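Read off the chains here:
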Amino acid sequence: MSTLDDEQLIQKVAGGDASAYRELVLRHGARLHHFALRVTGSAAEAEDVVQETFLRLWQRARDYSPRARVTTWLHRIALNLC
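Residues numbered from 1 in each chain as written. Predicted model: local features only at pLDDT ≥ 70, side-chain atom pairs only at ≥ 80, totals over all residues. Heavy atoms only, no water.

(A) Representation of the pattern of salt bridges within the structure. Counted under the stated rule, the structure contains three salt bridges. Between Arg27 and Asp6 there is a salt bridge whose closest N-O contact spans 2.7 Å. Here Arg27, found in helix H2 (residues 18-40), pairs with Asp6, found in helix H1 (residues 6-14); they are 21 residues apart in sequence, far enough to count as distant. The closest approach of N and O atoms between Arg56 and Glu52, which form a salt bridge, is 3.0 Å. Here the residue Arg56 and the residue Glu52 both occupy positions in helix H3 (residues 43-60), the gap between them amounting to four residues, near one helical turn. The partly exposed category is assigned to Arg56, whose relative accessible area is 24%. You can call Glu52 partly exposed: its relative accessible area is 27%. One continuous salt-bridge network, built from bridges that share partners, spans Asp6, Glu23 and Arg27. (Salt bridge = Lys/Arg side-chain N within 4 Å of Asp/Glu carboxyl O. Helix = DSSP H or I, 4+ residues; strand = E, 2+ residues; numbered from the N terminus. Buried < 20%, exposed > 50% of the residue type's maximum accessible area, 1.4 Å probe, protein only.)

Dropping the structure here:
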């Protein structure tokens, strides 16, 4: 586990750092899956939502604005996908 906080990790992801990306997936994947499962009611759909959420994190990390916590940003992406 990294000693960096989520905001520092997302800045590294924006620069193409795959290890920082993996760290965010490990930190937040299970919680996002549980959230998506509650919203969709389907384990398969929840898995798809989580995968797409993290794909968007990788593609749009530069768009992250520190006005909100990284977890809030990820949950908003997931909710929009649901």
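(B) Up close: H2. The end-to-end C-alpha distance of H2 is 29 Å, clearly below the 33 Å that 23 residues give at a rise of 1.5 Å each. Residue His28 marks the point of greatest curvature in H2, where the axis turns by about 50°. Summarising the contacts, the buried residues of H2 are in contact with H1, H3 and helix H4 (70-81). Two residues or fewer past H2, Gly41 is found with a positive phi of approximately 75°. (Expected span 1.5 Å × (residues − 1). Bend = angle between axes of the 7 residues up to and from the residue. Contact = heavy atoms within 4.5 Å.)

These figures come from the coordinates and say nothing about function on their own.
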